[in-house]
Amino acid sequence: MAERMLKFVGTPQAMPQKRPAAARRHDFQEIYSEFARDKAAEQAARCSQCGVPFCQVHCPLHNNIPDWLKLTAEGRVDEAYELSSATNNFPEICGRICPQDRLCEGNCVIEKGFESVTIGAVEKYITDTAWERGWVKPIVPRRERPESVGIVGAGPAGLAAAEQLRRKGYQVAIYDRYDRVGGLLIYGIPNFKLEKEIVQRREKLLRDSKVTFQLNCEVGRDVTMAELRERHDAVLIATGVYKARDIAAPGVGLPGIAPALDYLTASNRAGLGETVREIESGMLDAKGKNVVVIGGGDTAMDCVRTAVRQGAKSVKCLYRRDRANMPGSQREVKHAEEEGVEFVWLSAPQAFLGKKAAKGQQVSHVRTVRIHLGMPDATGRQTPQEIPDSHVNIEADLVLKALGFDPEDLPAMLAAPELGVTGWGTVQIDWKSMMTNLDGVFAAGDIVRGASLVVWAVRDGRDAAERIHGYLTAKAAAALPVAAE
Ligand code: FAD
Ligand code: SF4
Ligand code: SF4
């Protein structure tokens, strides 16, 4: 083993420099700067090169983390990039937005007492360096194949599948109902976690690799599933999940209460230079308002931090469980607290109160009730129970509902009534073949798993590409004429 490694005892953990909260509260730029070359090498060298690397086991892509850390420590960043990009289509994106504390870094064996290796930051450094130095090149397949694959959805699952299929020489067309490529990478996740240029340069790379895009094209409305199956030799459904869960409480329909994704999409569109009516009118603008966000996941964290940046008067996050039991990343909670967000743990909305406004009514308060965590349920999670007579009214001019997402009615949306779905509304696939009940139609990403993570979407997209390749090669082989005996 290189002498350079195993430096975790003498070298403390360090992340790239984080901009001070006072500065980042006022803009949407990413909060971490890039590692300098020496710093990346120094941090990579803290890895102890475990024989059984738990970091790798707990990365959904099983990235070869110890090897690319070692190469980075030795200054061989070009080789580190080759290795890292062999298992991940978007390492610089995952390096930025994976909840590493729950995945690779949370399972790094030197975590106890010494703090984990900063795997995500090194992964981002490697691929950002590759882009800077021109090592990231469009795909030129060794041979072109005549078969074409149609992909519904230009989110990370669809894009990862497209890249893998193009590498094998397939003709790939992606359809998306949005006007831009990236799915939630572009319209869900805010700039301060993932700047849009990072996604847009990936789009350009795919276009330069001859992947084609049909945007503003909703499958089920502008083109039918039957037409796609006719047009392509295989189809991949990667449409994500978008039906926002609602709150059943009196007053929930008052103006000033909005679904989280509408709010984030409006903010992202504005960040991309568009004039957004809902922001111009103040409807989805937090400026000068008391904002209450309901929920404890990644979407809620993105809402509170966006509201801070829009100049909210106060921002509160209401969550019915406690800090230890929230689904969002602890790192994100820390960023939000630094930026001035107040967390109201163990608290749930009971009703929304209104006040008179210029045009009718407008939300004025969230009536909350305190929660006690009771006995664990069948899943092992403690059941939230309301504490009687514990009401508190919280002032609110804008309330954002961030309670998670379910799949839309996919057979209806895609105009494919014969498509099989599960009881949760996700697409039913055979996990081995990743094929749906329709011959040649596959599915991947959130629409199969339910709302999940970008890294899982990439994994599913890659797996689906492999299965589609198997399906098409088997079909081509079966079509070959049988030699006469
Ligand atoms: P999506 O990204 O949702 O893409 C689906 C695409 O399909 C969209 O472009 C959509 O327009 C298109 N589509 C849908 N229906 C049709 C149709 N009928 N015809 C044509 N096109 C269609 N994950 C992380 O790992 N880290 C994070 O920090 C993180 N933050 C998040 C923040 C927010 C606000 C949200 C909502 C999610 C976040 N996630 C995060 C989760 C992550 O974004 C998703 O798991 C991931 O994007 C799923 O990828 P996908 O390709 O399956 O779907
Ligand atoms: Fe960690 Fe995500 Fe990178 Fe895997 S893809 S090594 S989980 S940051
Ligand atoms: Fe290195 Fe930590 Fe992975 Fe071990 S678990 S190989 S120390 S990064």
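Residues numbered from 1 in each chain as written. Chains lettered and ligands numbered in written order. Predicted model: local features only at pLDDT ≥ 70, side-chain atom pairs only at ≥ 80, totals over all residues. Heavy atoms only, no water.

A. Summary view of the nonpolar core. One finds Ile151, Ile174 and Ile237 to be the most contacted residues of the largest nonpolar core, which totals 103 residues. Looking at this core element by element, the count peaks at 9 residues for helix α19 (residues 454-479). For this core, the domains that each give at least three residues are domain 1 (21-132) and domain 2 (148-241 + 407-479). Not counting residues within four places of it along the chain, the set of residues in contact with isoleucine 174 comprises Ile151, Gly153, Ala154, Gly158, Leu159, Ala162, Val211, Thr212, Phe213 and Gln214. One finds Leu284, Val291, Cys317 and Val333 within the second-largest nonpolar core, a separate group that totals 30 residues. (Core = buried A, V, L, I, M, F, W, Y, C linked by side-chain atoms within 4.5 Å. Buried < 20%, exposed > 50% of the residue type's maximum accessible area, 1.4 Å probe, protein only. Helix = DSSP H or I, 4+ residues; strand = E, 2+ residues; numbered from the N terminus. Domains from an automatic or database assignment. Contact = heavy atoms within 4.5 Å.)

B. Seen up close, the packing of helix α8 (residues 119-133) against helix α11 (residues 196-208). Packing of α8 against α11 brings their axes to within 13 Å, and their N-to-C directions diverge by 55 degrees. By the angle class used here, α8 and α11 are oblique. You can see that α8 and α11 cross each other, and the crossing is left-handed. Of the residues in α11, those touching α8 at Thr127, Asp128 and Trp131 are Arg201, Arg202 and Leu205. Taken together, the residues of the contact of α8 with α11 sort by class into 2 nonpolar, 1 polar and 3 charged. (Axes fitted to C-alpha atoms, helices over the stretch in contact; angles between N-to-C directions. Parallel < 35°, antiparallel > 145°, perpendicular 65-115°, else oblique. Left-handed = near helix turned anticlockwise from the far one by under 90°. Nonpolar A, V, L, I, M, F, W, Y, C, P; charged D, E, K, R; others polar.)

C. Representation of the site of ligand 3. Taken together, Cys47, Ser48, Cys50, Pro53, Cys55, Pro66, Leu69, Cys108, Val109, Val117 and Ile119 form the complete shell of residues around ligand 3. A class-by-class count of the residues in the shell around ligand 3 yields 10 nonpolar, 1 polar and no charged. (Near = heavy atom within 4 Å.)

D. Region of the structure containing the sheet that holds strand β12 (residues 382-395). Across the sheet, which stays open at both edges, the 3 strands sit in the order β10-β11-β12 with antiparallel pairing between neighbours. On the outer flanks of this sheet lie β10 (347-357) and β12, each paired with one strand and no other. Taken over all neighbouring pairs, the strand axes of this sheet differ in orientation by 20 degrees on average, direction set aside. Sheet topology places strand β11 (residues 360-376) next to β12; 9 bridges connect them, and they run antiparallel. Of the residues in β12, the one forming a bridge with histidine 365 is glutamate 395. (Pairing = 2+ DSSP bridges.)

E. Local environment of the domain arrangement of the protein. When cut into domains, the protein gives domain 1 (21-132), domain 2 (148-241 + 407-479) and domain 3 (247-404). Every contact between the two is made by 25 residues of domain 1 and, on the other side, 23 residues of domain 2. Both faces considered, domain 1 and domain 2 share a buried interface measuring about 2200 Å² in area, 66% of it formed by carbon and sulfur atoms. Considering only the surface of domain 1 that becomes buried against domain 2, Asn89, Phe90 and Trp131 emerge as the three largest contributors, covering 30% of it. (Buried area = accessible area lost by both parts, 1.4 Å probe.)

F. Expanded view of the sheet that holds strand β8 (residues 314-318). Read across the open sheet, the 5 strands follow the order β6-β13-β7-β8-β9; overall the sheet is parallel. Unpaired on one side and paired on the other, β6 (257-259) and β9 (342-344) mark the two borders of the sheet. The sheet shows a mean angle of 25 degrees between the axes of neighbouring strands, taken without regard to direction. Taken strand by strand, helix α15 (residues 298-309) contacts β7 (290-294), β8, β9 and β13 (398-401), and its axis lies near 170 degrees from that of β8.

G. Focus on the site of ligand 2. Neighbouring ligand 2 are Cys59, Asn63, Ile65, Asn88, Cys94, Cys98, Gln100, Leu103, Cys104, Ile119, Glu123 and Val455. Here the shell around ligand 2 is composed, by residue class, of 8 nonpolar, 3 polar and 1 charged.

H. Fine view of the side chain of lysine 289. Locating lysine 289 in the fold gives a position in the loop between α14 (277-280) and β7. No salt bridge is formed by the buried lysine 289. Its closest oppositely charged neighbour is aspartate 285, at 6.6 Å. A polar contact of 2.5 Å, which involves the side chain of lysine 289, links it to the backbone oxygen of glycine 282. (Lys, Arg positive; Asp, Glu negative; His and termini not counted. Salt bridge = Lys/Arg side-chain N within 4 Å of Asp/Glu carboxyl O. Polar contact = N/O pair within 3.5 Å; in protein donor to acceptor, adjacent residues only side chain to side chain.)

I. Representation of the pairing of β10. As judged from the 10 bridges shared by β10 and β11, these two strands associate in the antiparallel manner. Paired with alanine 348 across the bridge in β11 is valine 369.

J. Representation of a nonpolar patch on the surface. Where nonpolar side chains cluster on the molecular surface, the patch consists of Val52, Phe54, Val57 and Val109 and spans about 350 Å² of accessible area. The topology assignment puts valine 109 in the loop between α6 (91-97) and α7 (111-114). Classification of valine 109 as partly exposed rests on a relative accessible area of 45%. (Patch = residues over 30% accessible without salt bridge, like charges linked within 9 Å, V, L, I, M, F, W, Y side chains within 5 Å. Areas by Shrake-Rupley, 256 points an atom, 1.4 Å probe, with all protein chains shown as cover.)

K. Local environment of helix α5 (residues 77-87). Taken residue by residue, α5 has Val77, Ala80, Tyr81, Ser84 and Ser85 as its buried positions. Projection of α5 onto a plane perpendicular to its axis shows the buried side chains occupying an angular sector of 120 degrees, all on one side. Along α5, the residues that are exposed and aim more than 90 degrees away from the buried face are Glu82 and Ala86. Looking at the buried residues of α5, the elements they touch are α4 (65-73), α6 and α8. (Arc of directions from axis to C-beta.)

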